[in-house]
Amino acid sequence: MSPAAVAPPLSRTKRFVIAAVSAINDAACRSDGTVNRRLVSLLDARVAASAKPFRGVRTADVPVDLSRDLWFRLFVPSSVSDGERLPVIVFFHGGGFAFLSPDSYLFDDVCRRICRTVHAVVVSVNYRLAPEHRCPAQYEDGVHVLRFLEDGGLLYADPSAADLADLSSCFLVGDSAGGNIVHHVARRWAADADGGWKRLRLAGMVLIQPYFGGEERTEAELRLVGAPLVSVERTDWLWRAFLPEGADRDHEASNVFGPRAVEELEEALPAAMVVVGGFDPLQDWQRRYYKGLRARGKSARLVEYPEAFHSFYAFPDLKQSTVLMEEIKSFVDSHRPRKEEDRERSGGGDKHSNIEEW
């Protein structure tokens, strides 16, 4: 009997890119728990912001707190109707909490595609990285950006974008480690939703292959040894770099519904869409997260791509990557607060063949 596949069929070019990324990241993660940032920079191509629209989107970098290098890249569609208000997507990039940024080519492209497909204002957050800054620094940075938007910071930074941005229709979106950040930032917002937030309302959250874990080794982690990009050895190293000193992987930051989790979730925690790939070693943790939300009475949608590996969305030529962008649009469209006449005109609910509904 031939061994079970640990990756879908991929072109030689994709296999080479994935192998190169894995090799450089492994080499950059030192045995003493530090990251060789110079080596990482060889892999991390950066893209400057551009006020001139490119592929239908203009971009700008907006400072929030320069003392901790907290800023975001703003993505705004170039074609907007008069008087139109757009949903706001606050995006948290992946990279194991330790790598990459909003101006990395990979995430500039991903956010540009989200902006264009969903027709939304996208705020891509440059949060502090581990191990130089451990948990909960990344969650604090996320909340700080929400507070910046709540307090009208966008009006001063980019008045035309502020006119378009509908803060009452705000969504948190993140991939991998960014998906983990989405959960924890949403909970912090929801804990004070009734009293501390007047303008910014979270309407939903999208967690794309979120980075969760625990001390247990799951069936998928054991079965998918050799899968693209994610391995037990890499995730263990990154958890040690991210979690508070002395914490294990059952810390509530990683194992959110584990033995140390608080049972109750905030009432205002918004609906979630959880994306899972069939060749992702983290898939069991992601499904547990979805089930944990539902068990606690929260609205959640599970979207599965059986042939997808971790970070498949970074390759725009993959069919699943294009489908995911449309799924995000559908989720945002169906969860935006709308007037009743708009709801009637739209004709009602979505139809999906690859999702498990509430």
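As the structure is a computational prediction, the values presented were derived from the model and not from experiment. (Residues numbered from 1 in each chain as written. Predicted model: local features only at pLDDT ≥ 70, side-chain atom pairs only at ≥ 80, totals over all residues. Heavy atoms only, no water.)

Participant: Could you give an account of helix α7 (residues 177–191), naming the residues involved and the relevant values?
Facilitator: The end-to-end C-alpha distance of α7 is 22 Å, a good match for the 21 Å that 15 residues give at a rise of 1.5 Å each. Within α7, 13 of the 15 residues are buried, leaving the element largely enclosed by the surrounding structure. (Helix = DSSP H or I, 4+ residues; strand = E, 2+ residues; numbered from the N terminus. Expected span 1.5 Å × (residues − 1). Buried < 20%, exposed > 50% of the residue type's maximum accessible area, 1.4 Å probe, protein only.)

Participant: Quick one: what's the story with the side chain of Ser124, residue by residue and with numbers?
Facilitator: Examined against the element boundaries, Ser124 turns out to sit in strand β4 (residues 121–126). Note on Ser124: relative accessible area 0%, which makes it buried. Among residues more than four places away in sequence, those in contact with Ser124 are Trp71, Phe72, Arg73, Phe75, Phe91, Pro102 and Cys111. (Contact = heavy atoms within 4.5 Å.)

Participant: Before we move on, can you summarise the UniProt feature "domain: Alpha/beta hydrolase fold-3" (unreviewed entry) in the chain with the specific residues and values?
Facilitator: The feature "domain: Alpha/beta hydrolase fold-3" (unreviewed entry), as annotated in UniProt, sits at residues 89–313 in this numbering. The span residues 89–313 is 37% helical and 20% strand by assignment, and the distance between its end C-alpha atoms comes to 17 Å. (UniProt positions renumbered as here; feature names shortened; annotations may be inferred.)

Participant: Any details on unusual backbone geometry? Residues and values, ideally.
Facilitator: Across the junction of Ala130 and Pro131, the peptide omega takes the value 0°, indicating a cis bond. Residues Cys135 and Pro136 are joined by a peptide bond in cis, for which omega reads 15°. The residue Pro136 is located in the loop between β4 and α4 (137–150) in this model. Despite not being glycine, Phe97 has its phi angle at roughly 70°, a positive value. Among the structural elements, Phe97 can be located in the loop between β3 (86–92) and α3 (105–118).

Participant: Quick rundown of the state of the cysteines? Include the residues and the values.
Facilitator: This structure, assessed with the given rule, holds 0 disulfides. Looking at Cys29, it has no disulfide partner, and the nearest cysteine sulfur is the one in Cys135, 18 Å off. When its relative accessible area of 19% is taken as the criterion, Cys29 is described as buried. Cys111 supplies the cysteine sulfur nearest to Cys115, a cysteine that is in no disulfide, at a spacing of 8.9 Å. For Cys115, a relative accessible area of 0% gives the class buried. (Disulfide = S-S within 2.5 Å.)

Participant: Please provide a residue-by-residue account of the pattern of salt bridges, values included.
Facilitator: With the rule as written, the count across this model stands at 27 salt bridges. Note that Arg336 and Asp166 form a salt bridge whose closest N and O atoms lie 3.5 Å from each other. Note that Arg336 is positioned in the loop between α11 (319–335) and α12 (340–346) and Asp166 in strand β5 (residues 165–175), a separation of 170 residues in sequence. For the residue pair Arg336 and Asp166, the accessibility class agrees, reading buried in each case. The shortest N-O distance in the salt bridge between Glu216 and Arg288 comes to 2.9 Å. Of this pair, Glu216 sits in the loop between β6 (202–208) and α8 (219–223) while Arg288 is found in helix α10 (residues 283–295), placing the two residues 72 residues apart along the sequence. Judged by relative accessible area, which is 37%, Arg288 ranks as partly exposed. Through salt bridges with shared partners, a single ionic network connects Asp65, Arg68, Arg128, Glu140 and Asp141. (Salt bridge = Lys/Arg side-chain N within 4 Å of Asp/Glu carboxyl O.)

Participant: Let's hear about the pairing of strand β2 (residues 70–77): which residues, and what values?
Facilitator: In terms of burial, β2 is largely enclosed, as 8 of its 8 residues are buried. The alternating pattern of β2 places Leu70, Phe72, Leu74 and Val76 on one face and Trp71, Arg73, Phe75 and Pro77 on the opposite face, and all of these are buried. Judged from the 8 bridges that link them, strand β1 (residues 57–65) and β2 form a sheet pairing that is antiparallel. If you follow Val57 over to β2, its bridge partner there is Pro77. Taking the residues that link successive antiparallel strands as the turn, the β1-β2 hairpin has 4 residues, and the phi of Asp69 there is positive, at about 55°. Inspection of the sheet shows β2 paired to β4 by 5 bridges, in the antiparallel sense. Considered in β4, the bridge of Phe75 is made with Val122. (Pairing = 2+ DSSP bridges.)

Participant: Tell me about the nonpolar core, and please be specific about residues and values.
Facilitator: The biggest cluster of nonpolar side chains holds 74 residues, and the ones touching the most others in it are Phe72, Val90 and Leu172. In terms of residue count, the dominant contributor to this core is α7 (7 residues). Apart from residues lying up to four places away in sequence, Leu172 is in contact with Val90, Phe92, Leu146, Val182, Val185, Ala186, Leu202, Gly204, Met205 and Val206. Core analysis: the next-biggest nonpolar cluster, separate from the first, contains 40 residues, Val118, Val206, Ile208 and Val303 among them. (Core = buried A, V, L, I, M, F, W, Y, C linked by side-chain atoms within 4.5 Å.)

Participant: Tell me about the packing of aromatic side chains, and please be specific about residues and values.
Facilitator: Taken as a whole and assessed by the stated rule, the structure comprises 14 aromatic pairs. Ring plane angle 70° and centroid distance 5.8 Å describe the contact between Phe72 and Phe148, whose orientation is recorded as edge-to-face. With Phe72 in strand β2 and Phe148 in helix α4, this pair connects stretches of sequence that are 76 residues apart. Between Phe212 and Tyr289 the ring centres are 4.7 Å apart and the planes differ by 35°, which places this aromatic pair in the tilted class. Of this pair, Phe212 sits in the loop between β6 and α8 while Tyr289 sits in helix α10, placing them 77 residues apart in sequence. Using a relative accessible area of 1% as the deciding quantity, one classes Tyr289 as buried. (Phe/Tyr/Trp six-rings, centres within 6.5 Å; stacked < 30°, edge-to-face > 60°.)

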